[in-house]
Amino acid sequence: MLRFFSDSATTKAIGQLARASHLSVFVGAGASKEVGFPTWSELVKRLGKGVVGKAHGKPEGDAVQAFIENSGTLAAAERIAATVKSADLRAQIYEALYQSDDPGSLRPGPLVEAVARLKYVDVENVRIITTNYDQLLIQALRDVGVAGTKSYCTDTVQTASVTHLHGVIGFAKPADGDNEIVLSERDFLAPTSGGWRKDVVTKALNSGPCLFVGVSLTDLNLLSPLYNSNSKHRHVVVYTRDPSLPDGAVKAVEDIERKRWKRLKVDCLFADNYADSSVFVNEVARQRAHPGAEPLAQRLHEWNQDVVLPYVPAAIAEYAKVQQDLSAKLDDLLRALQSAHGMDSEVMQLGLFGFGIDGSEEFAHVLATSDRAMKDPRSSERLAVRLPTQWTGIKSMCSAVPVSEPKENYASRWKHMLSVPVRLPELAWAPVGAIVLSSTDPRSKLSQVRLSGLLTDSPAKLYGALEDAGLNVLRSA
């Protein structure tokens, strides 16, 4: 996080987008994936399995499934569309997308929330365009207080609108009545398809800089206007660095990608973690609302100095005293959480992670746990804030979303963990910590918590209670 927001290319892009008179934000499937929705390719695979499952058993079904998928996502979608009756396709997409969930009750993730905040600070001059079927953006905009927000599926520009390039399959019909669902080769490539969509994208490119988030930029409705654009504006796409790449290949791969998009006037940024994308959008919103505000990197250093360092004093006696107080506070919070959420019978622990800075080095460490007080500051190990990692707390800090996972294969006595990131509005909602609830029972109630979290159910309440607990402890330094 610190490295990304200290980079000159990042700060330059934030300034450019914050100062733009008109800004268009393109939101892709990565923003919905944060709450468990499939990406476009994953959605097509689900649809394919549905088609195969209804008509074929094994082993024939596996062969048919491979045939559907083996020519790429667009061709696979076309094969599915050709197989399914037109009247049934939308219902099958609905089922594959939401499964058993009510689309009107799903909780937006951090990137969708960030886009909504950006819209809120300048409703008139920020336009939102999405390739997603869902209406998480509508939910998030209403949550932050943007009045009259509706979905549109034509080139109708309304102040509070969200333009859905691929149509809407959600909890409300589009306000303009038109709702053509875009899925397959035909929808993208037929001569009569996509005209208004390309017009929308072209107008956005010409009216000011565009920000692409949660996108792979493989969508033909985006690529074609980009390749044919004469826009004078430069645009920005935020990707996340591939954690599977060998360290020696990272620079070479990213340089190639930057050169590719530079030819289309798109500046390509690579965030260290998924959480950085939402923090980036939040920082654009902050700088747009408060021109000249301190940059995030500086605010992170101040946070570390004022809040985190008091928890890890160098003197052993002082550290031991801080640990006793902090461990006791976490133990009180743990008892209250167990009582409020019906987990009194389980043996549990509450742990607190904090984001730390030493010069230009960034790391996370376990600040305290409820079941023991550390006695020596050297006990607080510095952990890399990046994926992959075995630490559940680090995973939630890197993603900015709750992470629930079994630990039965680990030597630790803790068999299931739920980690909720601690995010601060004044730090662009950056995950500067995580609070981790652990149980010795592999069948713990924590294993029943669904990460998509409905707005009205107990998982959402548990997430909120945990994040509030983490905030209260960190801010009491």
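Peer 1: Lay out the overall build of the protein with the relevant residues and their values.
Peer 2: A tally of helices and strands in the protein yields 18 helices and 12 strands. Relative to the compact-globule value of 23 Å for 477 residues, the protein shows a C-alpha radius of gyration of 23 Å, a close match. With the C-alpha coordinates aligned to their principal axes, the bounding extent of the protein is approximately 75 × 55 × 50 Å. Pairs at least 24 residues apart make up 69% of the contacts formed inside the protein by residues separated by at least 6 positions. Here the protein displays about 21,200 Å² of accessible surface, and carbon together with sulfur accounts for 51% of that area. Charged side chains in the protein number 54 positive and 55 negative. The centres of these two groups are separated by 3 Å.

Peer 1: Describe the nonpolar core, with residues and values.
Peer 2: Judged by nonpolar contacts, the single largest core of 114 residues is most densely connected at Leu211 and Phe280. The element that contributes the greatest number of residues to this core is helix H18 (residues 458–474), accounting for seven residues. With residues up to four places along the chain from it excluded, the contact list for Phe280 reads Phe4, Phe5, Thr10, Ala13, Ile14, Leu17, Leu211, Val236, Val238 and Leu269.

Peer 1: Explain the pairing of strand S7 (residues 266–271) to me, and be specific about the residues and the numbers.
Peer 2: Summarising burial for S7: five of the six residues are buried, a large majority. Pairing between strand S6 (residues 235–240) and S7: six bridges, direction parallel. Residue pairing across strands places Val238 opposite Leu269, the latter belonging to S7. With respect to chirality, the unit in which S6 leads through helix H13 (residues 247–262) into the neighbouring parallel S7 is right-handed.

Peer 1: Before we move on, could you go through the packing of aromatic side chains and cite the residues and values that matter?
Peer 2: Scanning the entire structure with this criterion turns up eight aromatic pairs. Arranged with centres 4.9 Å apart and planes meeting at 20 degrees, the rings of Phe26 and Phe212 form a pair that is stacked. Taken together, the positions of Phe26 in strand S1 (residues 23–27) and Phe212 in strand S5 (residues 210–213) put the pair 186 residues apart, joining distant regions of the chain. By way of ring pairs, the aromatic residues Phe4, Phe5 and Phe280 are connected into one cluster. Over the face of the ring belonging to Phe67 we find Arg79, whose NZ or CZ atom lies 4.3 Å from the ring centre. Geometry around Trp429 places Arg117 over its ring, the cationic atom sitting 4.0 Å from the centre.

Peer 1: Explain the sheet that holds S5 to me, using residue names and the numbers behind them.
Peer 2: In spatial order, the strands read S3-S4-S2-S1-S5-S6-S7; together these seven strands make up an open sheet with parallel pairing. Both outer strands of the open sheet, strand S3 (150–152) and S7, are each paired with one neighbouring strand and no more. With strand direction ignored, the average angle separating the axes of adjacent strands in the sheet is 25 degrees. Bridge count for strand S2 (residues 126–130) against strand S4 (residues 161–164) is three bridges, and the pairing is parallel. Across the sheet, Thr130 pairs through a bridge with His164, a residue of S4. Sheet strands in contact with helix H8 (residues 110–121) are S1, S2 and S5, and its direction is about 150 degrees off that of S2. Its contacts with the sheet place helix H14 (residues 275–289) against S1, S2, S5, S6 and S7, and it is angled at close to 145 degrees to S6.

Peer 1: Quick rundown of the packing of H8 against helix H9 (residues 136–144)? Include the residues and the values.
Peer 2: In contact at an axis separation of 8 Å, H8 and H9 are set at 50 degrees when each is read in the N-to-C sense. Classified by the angle between their axes, H8 and H9 sit oblique to one another. Between H8 and H9 lies a crossing of right-handed hand. Listed contacts from H9 to Val112, Glu113, Val115, Ala116, Arg117, Lys119 and Tyr120 of H8 are Leu136, Leu137, Ala140, Leu141 and Val144.

Peer 1: Go over the environment of Val449, please, and point to the residues and values.
Peer 2: Secondary-structure assignment places Val449 in the loop between strand S12 (430–439) and H18. Residue classification places Val449 among the buried positions, given a relative accessible area of 14%. Val449 sits 86 residues away from Phe363 along the chain, and the two C-alpha atoms are 28 Å apart.

Peer 1: Now, about the pattern of salt bridges: what can you tell me, with residues and values included?
Peer 2: Using the criterion set out here, one finds 26 salt bridges in the structure. With a shortest N-O distance of 2.6 Å, Arg3 and Asp272 are connected by a salt bridge. On the criterion of sequence distance, the pair formed by Arg3 in helix H1 (residues 2–6) and Asp272 in the loop between S7 and H14 is long-range, its members being 269 residues apart. A salt bridge links Asp155 to Lys203; the shortest N-O distance between them is 2.6 Å.

Peer 1: Run through the state of the cysteines, naming residues and quoting values.
Peer 2: Under the defined criterion, the tally for this structure stands at zero disulfides. With no disulfide partner, Cys268 has as its closest neighbouring cysteine sulfur the one in Cys210, 15 Å distant. Owing to a relative accessible area of 6%, Cys268 belongs among the buried residues under this scheme. Left without a disulfide partner, Cys398 is nearest to the cysteine sulfur of Cys268, which lies 20 Å away.

Peer 1: How would you sum up H13? Please name residues and give values.
Peer 2: A rise of 1.5 Å per residue sets the reference length of H13, with its 16 residues, at 22 Å; its end C-alpha atoms lie 23 Å apart and thus fit the reference within 8%. Within H13, burial applies to Val250, Glu254 and Trp261. Taken end-on, H13 shows its buried residues confined to a sector of 30 degrees, consistent with a single buried face. Residues of H13 that are exposed and point over 90 degrees away from its buried face: Gly248, Ile256 and Lys259. On its buried face, H13 is in contact with helix H12 (220–227), S6 and S7.

Peer 1: Outline the pairing of strand S9 (residues 361–369), supporting the account with residue identities and numerical values.
Peer 2: Taking burial as the measure, the nine residues of S9 include eight buried ones, the bulk of the element. In this structure, the hairpin formed by strand S8 (residues 348–358) and S9 is closed by a connection of two residues, where Gly359 is found at a positive phi of approximately 70 degrees.

Peer 1: Break down the side chain of Asp276 for me, citing the residues and quoting the values.
Peer 2: With respect to the helices, strands and loops of the structure, Asp276 is situated in helix H14. An unpaired buried charge is present at Asp276: no salt bridge exists, and Arg241, the closest side chain of opposite charge, is 7.0 Å distant. In this structure, Asp276 is in contact with Met1, Phe4, Phe5 and Ala271, ignoring residues within four places of it in sequence.

Thresholds applied
Sequence positions are assigned chain by chain, starting from 1 and proceeding in written order. Local features in this predicted model are restricted to residues of pLDDT 70 or higher, and side-chain atom pairs are both shown and tallied only at a pLDDT of 80 or more, whereas totals for entire chains, interfaces and linings draw on every residue. As a convention, hydrogens and water are excluded, and side-chain values are obtained from all of the structure's heavy atoms. Helical segments are the DSSP runs of H or I of at least four residues, strand segments are the runs of E of at least two, and each set is numbered from the N terminus. Just to be clear, the radius of gyration here is over C-alpha atoms, and the globule rule we use is 2.2 Å times residues to the power 0.38. By definition, residues are in contact when any of their heavy atoms lie within 4.5 Å. Areas reported here follow the Shrake-Rupley algorithm with a probe of radius 1.4 Å; residue values treat only the protein chains shown as occluding. For the purpose of charge, His is not counted, nor are the chain termini; Lys and Arg are scored as positive and Asp and Glu as negative. Where a charge sits is defined by one atom per residue type, namely NZ (Lys), CZ (Arg), CG (Asp) or CD (Glu). As used here, the term nonpolar core means buried Ala, Val, Leu, Ile, Met, Phe, Trp, Tyr and Cys residues forming a set that is joined through side-chain atoms within 4.5 Å. Accessible area is worked out with a 1.4 Å probe on protein chains only. A residue is then buried under 20% of its type maximum, exposed over 50%, and partly exposed in between. Strands are labelled as partners when DSSP assigns at least two bridges between them. The definition of a right-handed crossover adopted here requires that, viewed with the strands pointing away, the path from the first strand over the helix to the second runs clockwise. What counts as a ring pair is set by centres within 6.5 Å for rings of Phe, Tyr and Trp (its six-membered ring), and what kind of pair is set by the plane angle: stacked under 30 degrees, edge-to-face over 60, tilted for all other angles. A positively charged side chain is recorded as over a ring if its NZ (Lys) or CZ (Arg) lies within 6 Å of the ring centre. The angle to the ring normal must also be within 35 degrees. Helix axes are fitted only over the stretch in contact, all axes being lines through C-alpha atoms; the angle between N-to-C directions runs from 0 to 180 degrees. Working rule for angles: under 35 degrees goes down as roughly parallel, over 145 as roughly antiparallel, 65 to 115 as roughly perpendicular, anything else as oblique. Two helices crossing with the near one rotated counterclockwise from the far one by less than a right angle form a left-handed crossing, whereas a clockwise rotation gives a right-handed crossing. One side-chain nitrogen of Lys or Arg within 4 Å of one carboxyl oxygen of Asp or Glu is enough to make a salt bridge. Sulfur atoms of two cysteines make up a disulfide when they are within 2.5 Å. Between the first and last residue of a helix there are one fewer steps than residues, each counted as 1.5 Å, and that sum is the expected span. This arc is taken over the directions from the axis of the helix to the C-beta atoms.

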